[in-house]
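Results of the structural survey
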Amino acid sequence: MSEVRVEGVVKGYRQGGRAVAALRGVDLSIEGPTFEALMGPSGSGKSTLLGLLGGLDRPDAGRILLAGRDIAKLSERERTLLRRRDVGIVFQQFNLLPTLTARQNIALPGVLDGCERSWLDGRVDELLELLGLIGRADHRPAAMSGGEQQRAAIARAMLFSPALILADEPTGNLDSASSEALWRTLATLAGEQGATVLMVTHEAAAVAHCRRAHVLIDGRIAGTFEVQGRDAGDVASCYHQLVGQKRP
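Residues numbered from 1 in each chain as written. Predicted model: local features only at pLDDT ≥ 70, side-chain atom pairs only at ≥ 80, totals over all residues. Heavy atoms only, no water.

**Quick word on the pattern of salt bridges**
- Enumeration according to the criterion identifies 16 salt bridges in this entry.
- Two residues, Glu-126 and Arg-123, come together in a salt bridge whose shortest N-O distance is 3.0 Å. You can see Glu-126 and its partner Arg-123 sitting in helix H4 (residues 117-130), three residues apart, about one turn around the helix.
- Overall, Arg-123 belongs to the buried group, its relative accessible area being 7%.
- Among the salt bridges present, the one from Glu-180 reaches Arg-184, with a minimum N-O distance of 3.2 Å. Separated by four residues within a single helix, Glu-180 and Arg-184 lie in helix H6 (residues 176-192), roughly one turn from each other.
- Look at Glu-180 and you get partly exposed, because its relative accessible area is 27%. (Salt bridge = Lys/Arg side-chain N within 4 Å of Asp/Glu carboxyl O. Helix = DSSP H or I, 4+ residues; strand = E, 2+ residues; numbered from the N terminus. Buried < 20%, exposed > 50% of the residue type's maximum accessible area, 1.4 Å probe, protein only.)

**Some words on the sheet that holds strand S9 (residues 212-217)**
- A sheet is described by the order of its strands in space; here six strands give the open sequence S6-S7-S8-S3-S9-S10, paired in mixed fashion. Looking at which strands have only one partner, the edges of the open sheet turn out to be strand S6 (87-90) and strand S10 (220-226). If you compare each strand with its neighbour and ignore which way they point, the axes differ by 20 degrees on average.
- Summarising the sheet, strand S3 (residues 34-39) and S9 pair through four bridges and their orientation is parallel. Looking at the pairing, Glu-36 lines up with Arg-212 of S9.
- Along the sheet, helix H2 (residues 76-86) makes contact with S6 and strand S7 (164-168), crossing S6 at roughly 80 degrees. (Pairing = 2+ DSSP bridges. Axes fitted to C-alpha atoms, helices over the stretch in contact; angles between N-to-C directions. Contact = heavy atoms within 4.5 Å.)

**As for the sheet that holds strand S1 (residues 3-15)**
- In spatial order, the strands read S2-S1-S4-S5; together these four strands make up an open sheet with antiparallel pairing. Every interior strand has two partners, whereas the edge strands, strand S2 (18-31) and strand S5 (69-70), have only one.
- Across eleven bridges, S1 lies against S2 in antiparallel orientation. Its bridge partner being in S2, Val-9 is matched across the sheet by Val-26.

**Description of the pairing of strand S4 (residues 61-66)**
- In terms of strand pairing, S1 meets S4 through five bridges, oriented antiparallel. Note that in S4 the partner of Val-6 across the bridge is Ile-64.
- Relative to S5, S4 is paired through two bridges, and the arrangement is antiparallel. Bridge pairing in S5 places Leu-65 opposite Asp-70.
- Hairpin connection, S4 to S5: the antiparallel pair is bridged by two residues, and Ala-67 has positive phi, about 55 degrees.

**With respect to the state of the cysteines**
- Evaluated as defined, the whole model comprises zero disulfides.
- Cys-238 takes part in no disulfide bond, and the closest cysteine sulfur, belonging to Cys-210, lies 13 Å away. (Disulfide = S-S within 2.5 Å.)

**Focus: the environment of Gly-25**
- With respect to the helices and strands, Gly-25 occurs in strand S2.
- Between the C-alpha atom of Gly-25 and that of Gly-62, which follows or precedes it by 37 residues, the distance is 7.5 Å.

**Some details on the side chain of Glu-36**
- One can find Glu-36 in strand S3.
- For Glu-36, the side chain forms a polar contact with the side chain of Thr-34, separated by 3.2 Å.
- Ignoring anything within four residues of it in the chain, the contact list for Glu-36 reads Ile-30, Val-197, Leu-198, Met-199, Cys-210, Arg-211, Arg-212 and His-214. (Polar contact = N/O pair within 3.5 Å; in protein donor to acceptor, adjacent residues only side chain to side chain.)

**Quick notes on the side chain of Ser-179**
- Mapped onto the elements, Ser-179 comes out in helix H6.
- Judged by its relative accessible area of 3%, Ser-179 is buried.
- Here Asp-175 takes part through its backbone oxygen, which lies 2.8 Å from a polar atom of the side chain of Ser-179.
- Excluding anything up to four places from it in sequence, Ser-179 contacts Thr-171 and Leu-174.

**Comments concerning the packing of helix H5 (residues 146-157) against H6**
- At a closest axis distance of 10 Å, the pairing of H5 and H6 adopts a crossing angle of 15 degrees. Looking at the two axes, H5 sits roughly parallel to H6. Crossing hand, H5 versus H6: right-handed. Across the interface between the two elements, Gly-147, Gln-150, Arg-151 and Ile-154 of H5 pack against Ser-178, Leu-182, Leu-186 and Leu-189 of H6.
- Tallied by class, the residues present in the contact of H5 with H6 amount to four nonpolar, three polar and one charged. (Parallel < 35°, antiparallel > 145°, perpendicular 65-115°, else oblique. Left-handed = near helix turned anticlockwise from the far one by under 90°. Nonpolar A, V, L, I, M, F, W, Y, C, P; charged D, E, K, R; others polar.)

This is the structure:
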């Protein structure tokens, strides 16, 4: 599932009595494994697009293809299984169950899937080691830092080695040091684990860790630029140039 293709995707919703066009014909192509960013002003449709890529909703028009499979045509159960096994989703809110330890939270999708216990225990240990959480394995979320909780959430998303990981403002609740560490972790998942990571963010420092950035404005892709070799200042300049071209 390393190839992601979005073709002419349209999505609208109602806000009060008003119709809102969140996406107005989005075209996007990502060849993985890679670490890429989705940028844009507030209200540009970034989270809506990420939700569609994760099978949380269906587009009103257009197609979303993951490894050639049109996910809009999947049944509700098939989309649930897609999110559990094939697409990992990481949110700004960590969404860890407060009564479970880090180990138990990471294992939860496998428990729900009926995985063999020996495989599950081994895979959780592997992820705890990979994400530097071995020493926190038996701690509940309240006893963990924000960065540790978000790494546990990433480990949970990685349980079935999904080819696609979607991260929606994953460092929005973290301090600068924890944010930097998390961006490096996501880059490692793309580089060493062979995953495609697409991250929604407004932070140029985050995008500086990515390979490419796609800029979404008013529900359309305004442009894409290569990031490798650019620092945060260069990223911000490229972004504002694209935003400025689309403003009156």
